[in-house]
Amino acid sequence: MRIALSQLTTGTDPARNLALIEEETRRAAETGARVVVFPEAAMSCFGTSLKPVAEPLDGPWADGLRTIAAAAGVVVVAGMFTPAPDGRVTNTLLATGPGVEASYDKIHLYDAFGFAESDTVAPGSRVVTIDVDGVRLGLATCYDVRFPELFRAHADAGAVATLLPASWGAGPGKREQWELLVRARALDATLFVAAVDQADPAVSGVAVPAKAPTGIGYSLVAGPDGTVRWAAGAGSELVLADVDFDEVAAVRKKISVLANRRL
């Protein structure tokens, strides 16, 4: 299966971001991609008030994403914000396309490195997987990568890969942590992890709010043995990963960490 990771920088205008997603989806579909994954906060970047841009899953932005996926004949996964019952928003991944309609609300909120996502975002609670062409894929978002239990839950649910959109915060050592964590989660659960970050705004030449986790780039796909198979630089880039999911069973036979668990 070809999975496309669209590493881009989104701004504060949801309509403009949707147009960018449409262009990138069409481009990926023309290469034969079956799944196109966009970063967290693809609807609107962090650093501005999220409540005014949040829309329900049957709202116009989500419907626009559905139209894009249907027209291209691919499954699209992108980060958006939906209203939460308590007045905050939820950090939601919408997965939509032929035979697929699902959403995942980010479970682990980014209350770290001086940023408090939970001030404005309510946590999710459900583990979510989708099936594309008979292949099961888990959904996770950014800070979730620091919690191996979610990725093992995907494996327990039959997933052979996790799709991980992110808007990774910049700072000393953060690039190294990003790559290390993606590779570790792949090895923990012996599955592929396809991690797509927002491109570095400075490299992309896009003005975004300061002092917010707006991405560093360096998207990557890690194999079930923890090795990096595909990787991007800091700027806008479309990564095309031709993934052989049969490898997962072979690796799990050799590295039996799931079967050997005691806790």
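Refer to the structure above for everything that follows.
Residues numbered from 1 in each chain as written. Predicted model: local features only at pLDDT ≥ 70, side-chain atom pairs only at ≥ 80, totals over all residues. Heavy atoms only, no water.

1. Focus: the pattern of salt bridges
Going through the model one piece at a time under the given rule, you end up with 16 salt bridges. Between Arg136 and Asp131 there is a salt bridge, and its shortest N-O distance comes to 2.8 Å. Three or more residues joined by partner-sharing salt bridges are found here, namely Glu40, Lys106 and Glu117. (Salt bridge = Lys/Arg side-chain N within 4 Å of Asp/Glu carboxyl O.)

2. Focus: the environment of Ala153
With respect to the helices and strands, Ala153 occurs in helix 3 (residues 148–156). The class of Ala153 is partly exposed, set by a relative accessible area of 25%. Placed 48 residues apart in sequence, Ala153 and Pro201 show a C-alpha to C-alpha distance of 33 Å. (Helix = DSSP H or I, 4+ residues; strand = E, 2+ residues; numbered from the N terminus. Buried < 20%, exposed > 50% of the residue type's maximum accessible area, 1.4 Å probe, protein only.)

3. A word on the sheet that holds strand 9 (residues 129–132)
Read from one edge of the open sheet, six strands run 9-10-11-12-13-14, paired in mixed fashion. The open sheet has two free edges, formed respectively by strand 9 and strand 14 (228–231), since each of these has just one partner strand. Each strand of the sheet is rotated relative to its neighbour by a mean of 20°, with strand direction disregarded. Pairing of strand 12 (residues 192–197) with strand 13 (residues 220–222) involves three bridges; the strand directions are antiparallel. Among the inter-strand pairings, Ala195 is bridged to a residue of strand 13, identified as Leu220. Relative to strand 13, helix 4 (residues 174–189) is tilted by about 30°, and along the sheet it contacts strand 11 (161–166), strand 12, strand 13 and strand 14. (Pairing = 2+ DSSP bridges. Axes fitted to C-alpha atoms, helices over the stretch in contact; angles between N-to-C directions. Contact = heavy atoms within 4.5 Å.)

4. Here we look at the nonpolar core
By size, the foremost hydrophobic cluster in this structure holds 51 residues, and its most contacted members are Ile130, Leu137, Leu139, Leu163, Leu164, Val182 and Phe245. Setting aside its immediate chain neighbours within four residues, Val182 contacts Val145, Leu164, Val193, Ala195, Leu220 and Ala222. Ala4, Leu8, Ala54 and Ala69 belong to the second largest nonpolar core, which has 30 residues in total. (Core = buried A, V, L, I, M, F, W, Y, C linked by side-chain atoms within 4.5 Å.)

5. Some details on the environment of Trp230
With respect to the helices, strands and loops of the structure, Trp230 is situated in strand 14. Since its relative accessible area comes to 25%, Trp230 is described here as partly exposed. Counting along the chain gives 36 residues from Trp230 to Ala194, while the straight-line C-alpha distance between them is 9.1 Å. Leaving out residues up to four positions away in the same chain, Trp230 has contacts with Ser219, Leu220, Val221, Val239, Leu240, Ala241, Asp242 and Val243. Side-chain polar atoms of Trp230 contact the backbone oxygen of Leu240, separated by 3.5 Å. (Polar contact = N/O pair within 3.5 Å; in protein donor to acceptor, adjacent residues only side chain to side chain.)

6. Some words on the packing of helix 1 (residues 14–30) against helix 2 (residues 60–72)
The interhelical angle for the contact between helix 1 and helix 2, taken along N-to-C directions, is 15°, at an axis separation of 10 Å. Classified by the angle between their axes, helix 1 and helix 2 sit roughly parallel to one another. The handedness of the crossing between helix 1 and helix 2 comes out as right-handed. In this structure, helix 1 uses Pro14, Leu18, Ile21, Glu22, Thr25 and Ala29 to contact helix 2, whose residues at the interface are Trp61, Gly64, Leu65, Ile68 and Ala72. Of the residues that constitute the contact of helix 1 with helix 2, the class distribution is eight nonpolar, two polar and one charged. (Parallel < 35°, antiparallel > 145°, perpendicular 65-115°, else oblique. Left-handed = near helix turned anticlockwise from the far one by under 90°. Nonpolar A, V, L, I, M, F, W, Y, C, P; charged D, E, K, R; others polar.)

Coordinates in, geometry out; function isn't part of it.
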